[in-house]
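So you can see what is in the structure, the chains are spelled out below.
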Amino acid sequence: MDKNSLGLSIGTTLDRFIKKMQDEHSYATGELSQLLRDIALAGKIINREVNKSGLLDIAGAYGSKNVQGEDQQKLDVIANIRFTRALKNGGMTCAIVSEEEQEIIHLNQNCRYVVCMDPLDGSSNIDVNVSIGTIFSIYRRISPIGGPVQDEDILQLGTDQIAAGYILYGSSTMLVYTTGHGVHSFTLEPSLGEFVLSDENLTCPKDGKIFSINEGYYYQFGEQIKEYLEECKAKEMSARYIGSLVADFHRNMLKGGIYLYPATEKSPNGKLRLLYECNSLAFIAEQAGGVATDGINRIMEIEPTSFHQRTPFVIGSKKMVDRVTKLSTMTDTVLG
Ligand code: P6P
């Protein structure tokens, strides 16, 4: 079996891969490595519960709303608890911002890393057995270690991310992440309970024939989006929309394609959250040769002003996203 650039084979465990990557960077202290392991552990626990949700009384609505005013699913709440506990017990995280919590979750203020996460995205698909996902970003805190985490530690540009990734609970469960040195994917081997390397240095095709958008909002889209959709249809592209961002993004990154969530009347700033959905996937996309914008501006250069702020979102193959940018620039609207 071919060795990769690190001298590792496909099938290498995540632990060995993380350690090898750490050894490649003499300045690494091992803290980020442990944090990635903590996230992987939480992913394994969530995987176990997602796979049984039909059997246990953990499917369906929890009966409360999250900070966005959206009905929380029971697994949303469970995933939030599991990730928070894993990161707290792992001891490498000073604070978390989660889609499921209004405020900062303060953990160990003697640590240097902050995690922004959507513990379980696409939760409306849980009850119908469609793929869902966890999305995360990791930042190094700005304020002094030892003191309380400040808003400035959270409200950092996407370009300041130390790492980002997602866990896709699909036909198989995959962990895909980057630390700025390429995008690597790991598949959970259930018989071992280990994530094993399935692809190193994933790349997104420069062009594609898949477009992902909820056309139910067609009459709310800006003219440039309508024009772009007409172009896609004229080229007889494939419309693929799972309604689960991680699943749509993952397929489009592998095959080539574009995902769009423009501003609508219902979501005038778009629906997706900058800090723990758009920036995270934008880091992955760019590392794989793709592009992510709000229709005009690079996602990772948007200045965050609040923890749960939303943004219009276009992500995927460079040529496709660039076309939307050109159309938007001509009409000077960010997917409005
Ligand atoms: P709509 C799921 O709620 C989510 O955040 C993404 O995973 C998904 O792509 C999108 O919203 C679906 O939103 O408005 O098309 O149902």
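Anything mentioned here points back to the structure above.
These lines cover the structure that appears in this document, whether it is placed above or below.

### Concerning the layout of surface pockets
And step 1. Space inside the second largest pocket adds up to approximately 360 Å³.
And step 2. H25, Y27, A28, L32 and T179 are, among the 19 residues lining the second largest pocket, the residues nearest its centre.
And step 3. Breaking the lining of the second largest pocket down by element, the ones donating at least two residues are α1 (14-23) and α2 (31-50).
And step 4. Residues of the lining of the second largest pocket, tallied by class, amount to nine nonpolar, eight polar and two charged.

### Considering the site of the ligand
And step 1. Close to the ligand lie D121, G122, N214, Y217, Y241, G243, S244, L245, Y259, Y261, K271 and L272.
And step 2. In the environment of the ligand, an oxygen atom lies 2.7 Å from a nitrogen or oxygen atom belonging to the backbone of L245.
And step 3. Here an oxygen atom of the ligand and a side-chain polar atom of Y259 are 2.7 Å apart.
And step 4. The fraction of the free accessible surface of the ligand (400 Å²) that becomes covered by protein chains is 84%.

### So, the packing of α2 against helix α3 (residues 74-90)
And step 1. It is at 9 Å that the axes of α2 and α3 come closest, and there the two elements cross at 150 degrees. Between α2 and α3, the angle falls in the class roughly antiparallel. You can see that α2 and α3 cross each other, and the crossing is right-handed. Taken together, the residues of α3 that come into contact with α2 (itself represented by Q34, L35, D38, I39, A42, G43, I45, I46, R48, E49 and V50) are L75, I78, A79, R82, F83, A86, L87 and G90.

### Section: the nonpolar core
And step 1. With 48 residues, the main nonpolar core has Y166, M253, I258 and F313 as its most contacted residues.
And step 2. For this core, the elements supplying multiple residues, two or more each, are β7 (163-169), α5 (223-234), α6 (245-255), β13 (258-261), α7 (274-287), β14 (291-293), β15 (313-316) and α8 (318-331).
And step 3. In terms of residues, this core owes the most to one element, α7, which gives seven residues.
And step 4. A domain split of this core shows at least three residues from each of domain 1 (8-199) and domain 2 (210-335).
And step 5. Residue contacts for M253: discarding those within four places in its chain leaves Y166, V176, V183, L202, T203, C204, P205, I284 and A288.
And step 6. Counting residues in hydrophobic clusters, the runner-up holds 38 residues, among them L14, F17, L120 and I126.

### Focus on the sheet that holds strand β12 (residues 238-239)
And step 1. The strand order across the open sheet built from five strands is β12-β11-β13-β15-β14, with neighbouring strands paired in mixed fashion. Because the sheet does not close on itself, it has two edges, and the strands there are β12 and β14.
And step 2. Two strands pair when backbone bridges link them, and strand β11 (residues 210-212) and β13 are joined in this way by two bridges, in the parallel orientation. The partner of S212 across the bridge, within β13, is Y259.

### Things to note about the pairing of β13
And step 1. Here β13 shows a buried face lined by I258 and L260 and a second buried face lined by Y259 and Y261.
And step 2. Across four bridges, β13 lies against β15 in antiparallel orientation. By the bridge assignment, Y261 is partnered in β15 with F313.

### Some words on the pattern of salt bridges
And step 1. Throughout the structure, instances matching the rule amount to 15 salt bridges.
And step 2. The partner of D23 in a salt bridge is K19, and the shortest N-O contact between them spans 2.8 Å. Highlighted residues: D23 and K19, both in helix α1, separated by four residues, approximately one helical turn.
And step 3. Residue class for D23 comes out partly exposed when judged on its relative accessible area of 48%.
And step 4. Overall, K19 belongs to the partly exposed group, its relative accessible area being 39%.
And step 5. The shortest N-O distance in the salt bridge between E49 and R82 comes to 2.7 Å. With a gap of 33 residues between them, E49 in helix α2 and R82 in helix α3 connect regions that are remote in the sequence.
And step 6. For E49, a relative accessible area of 10% corresponds to the buried category.
And step 7. Linked by salt bridges that have partners in common, R48, E49 and R82 make up one network.

Criteria and cut-off values
- Residues numbered from 1 in each chain as written.
- Predicted model: local features only at pLDDT ≥ 70, side-chain atom pairs only at ≥ 80, totals over all residues.
- Heavy atoms only, no water.
- 1 Å grid on protein atoms, 1.4 Å probe; cavity = no way out; pocket = protein on both sides within 12 Å on 5 of 7 lines; lining within 4 Å.
- Points joined across faces, edges and corners; volume = space filled by probe spheres on them.
- Helix = DSSP H or I, 4+ residues; strand = E, 2+ residues; numbered from the N terminus.
- Nonpolar A, V, L, I, M, F, W, Y, C, P; charged D, E, K, R; others polar.
- Near = heavy atom within 4 Å.
- Polar contact = N/O pair within 3.5 Å; in protein donor to acceptor, adjacent residues only side chain to side chain.
- Areas by Shrake-Rupley, 256 points an atom, 1.4 Å probe, with all protein chains shown as cover.
- Axes fitted to C-alpha atoms, helices over the stretch in contact; angles between N-to-C directions.
- Parallel < 35°, antiparallel > 145°, perpendicular 65-115°, else oblique.
- Left-handed = near helix turned anticlockwise from the far one by under 90°.
- Contact = heavy atoms within 4.5 Å.
- Core = buried A, V, L, I, M, F, W, Y, C linked by side-chain atoms within 4.5 Å.
- Buried < 20%, exposed > 50% of the residue type's maximum accessible area, 1.4 Å probe, protein only.
- Domains from an automatic or database assignment.
- Pairing = 2+ DSSP bridges.
- Salt bridge = Lys/Arg side-chain N within 4 Å of Asp/Glu carboxyl O.

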